[in-house]
Amino acid sequence: MLVLTCPYCGVAAEETELHAGGEAHLKRFGPGASDEDFTGYLFGRENPKGVHFERWLHANGCGKWFHAARCTATLELFGTYSAQLTEPPEPIRKAISAKRPGWRWREFS
Amino acid sequence: MSDIPASALNAARYAGYVTVAEMGPQGMITIRGNLRSTRFRKAVADATGLTCPKQRRIERKGDIALAWMSPDELMVMCPHADAPALAGAVMAALEGMHSLVQVMSDARAMFSISGADAREVLAKLAPVDLSPDAFGPGDLRRTRLAQIAAAFWMEDTEEFRLICFRSVAGYAYGVLTNAARPGGEVGYF
Ligand SMILES: [Zn+2]
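Residues numbered from 1 in each chain as written. Chains lettered and ligands numbered in written order. Predicted model: local features only at pLDDT ≥ 70, side-chain atom pairs only at ≥ 80, totals over all residues. Heavy atoms only, no water.

(A) Inspection of the overall build of chain A at higher detail. Per the secondary structure count, chain A includes two helices and six strands. Taken from the N to the C terminus, the helices and strands of chain A come in the order β-β-β-α-β-β-β-α. For 109 residues, the compact-globule formula gives about 13 Å, and the C-alpha radius of gyration of chain A, at 14 Å, lands near that figure. Its C-alpha atoms give chain A principal-axis dimensions of roughly 40 × 35 × 25 Å. Contacts in chain A between residues far apart in sequence, at least 24 positions, make up 49% of those at least 6 positions apart. Roughly 6100 Å² of accessible area belongs to chain A as shown, and the carbon and sulfur atoms make up 52% of that amount. Looking at charge distribution, chain A has the averaged site of its 13 positive side-chain charges lying 3 Å from that of its 13 negative ones. (Helix = DSSP H or I, 4+ residues; strand = E, 2+ residues; numbered from the N terminus. Rg over C-alpha atoms; globule rule 2.2 N^0.38 Å. Contact = heavy atoms within 4.5 Å. Areas by Shrake-Rupley, 256 points an atom, 1.4 Å probe, with all protein chains shown as cover. Lys, Arg positive; Asp, Glu negative; His and termini not counted. Charge placed at Lys NZ, Arg CZ, Asp CG, Glu CD.)

And the structure:
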């Protein structure tokens, strides 16, 4: 059972209070984009075994979206952070590095 | 059409090892805006006569209560007949500030869950730590009640109030009364 702390209401919410929103930090490519960029935006996903970044919705709660960094292999949670950030903040990266030295995810490390 | 307000379950009441009662028509006003703004908080406080609640808390004075719902949402609970005038006062106080004030009284149902084991009945239905150390009077939580969204708070050590959408009031009453049935005591807390 995943327990994620919502950064907006401070609740340590267990999985059934939340709704998964898929991979985090996608860059949208819309009208005028190349076919390659648009395809990547629609279908290109990381699907890693290990460190991963996701969007979650506190659906049965305060109703806010937020970001979570976790390990898909162990379900270990590294931290949650604001939905307004376009990349993982330093404290989250540090928390991951402490447990998974040398991790990489897309352009982040 | 009748002008007399009617609640979802007409004040249905069940006395199990905990008492579950639908509370009849209740006034509820949704307020949205930037709760980090001191000016916003002061305006709401002046209009309602209550201090703006902290995160996941509810403030009460007499028959008016002010609840923290999210970083940009508050809810006022008051007598059903008082809601339009009170909403008008809040709206006037927030004049010129980015905000929304709306009377939502008839959108929801409110329940009272009371008795020495009230926290146990809710603990059967919601994924919330309801131990006395973790949840006490004045604390509020939006969560899941079995399969529906709901919010509840503690009025005092033996009474919870719960709100859910009116359309699922029958479901809420069903799961609450089932959890409060004599013979279902757990005695965990
Ligand atoms: Zn939340």
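(B) Region of interest: the domain arrangement of chain B. Residue and element names in this part refer to chain B. The domain architecture assigned to chain B consists of domain 1 (13-24 + 107-179) and domain 2 (27-106). Computed over C-alpha atoms only, the centres of domain 1 and domain 2 are separated by 22 Å. With 14 residues of domain 1 at the contact, the number on the domain 2 side is 16 residues. Taken over both partners, the interface formed by domain 1 and domain 2 buries close to 1300 Å², and the fraction arising from carbon and sulfur atoms is 53%. (Domains from an automatic or database assignment. Buried area = accessible area lost by both parts, 1.4 Å probe.)

(C) Examining the interface of chain A and chain B more closely. Each partner contributes to the interface: chain A provides 12 residues, whereas chain B provides 16 residues. Between chain A and chain B, the buried area comes to about 1000 Å², and carbon and sulfur atoms account for 48% of it. Among the residues chain A hides against chain B, the three largest losses belong to E17, N60 and K64 of chain A. Together they make up 36% of the total. On inspection of chain A and its partner chain B, the count reaches three salt bridges. Here E14 of chain A and R144 of chain B are joined by a salt bridge, their closest N and O atoms 3.8 Å apart. Along the contact surface separating chain A from chain B lie eight residue pairs in polar contact (both at pLDDT 80 or more). (Salt bridge = Lys/Arg side-chain N within 4 Å of Asp/Glu carboxyl O. Polar contact = N/O pair within 3.5 Å; in protein donor to acceptor, adjacent residues only side chain to side chain.)

(D) Examining a nonpolar patch on the surface more closely. On the surface, a nonpolar cluster with roughly 320 Å² of combined accessible area is contributed by F38, L42 and F43 of chain A. Judged by its relative accessible area of 64%, F43 of chain A falls in the exposed class. (Patch = residues over 30% accessible without salt bridge, like charges linked within 9 Å, V, L, I, M, F, W, Y side chains within 5 Å. Buried < 20%, exposed > 50% of the residue type's maximum accessible area, 1.4 Å probe, protein only.)

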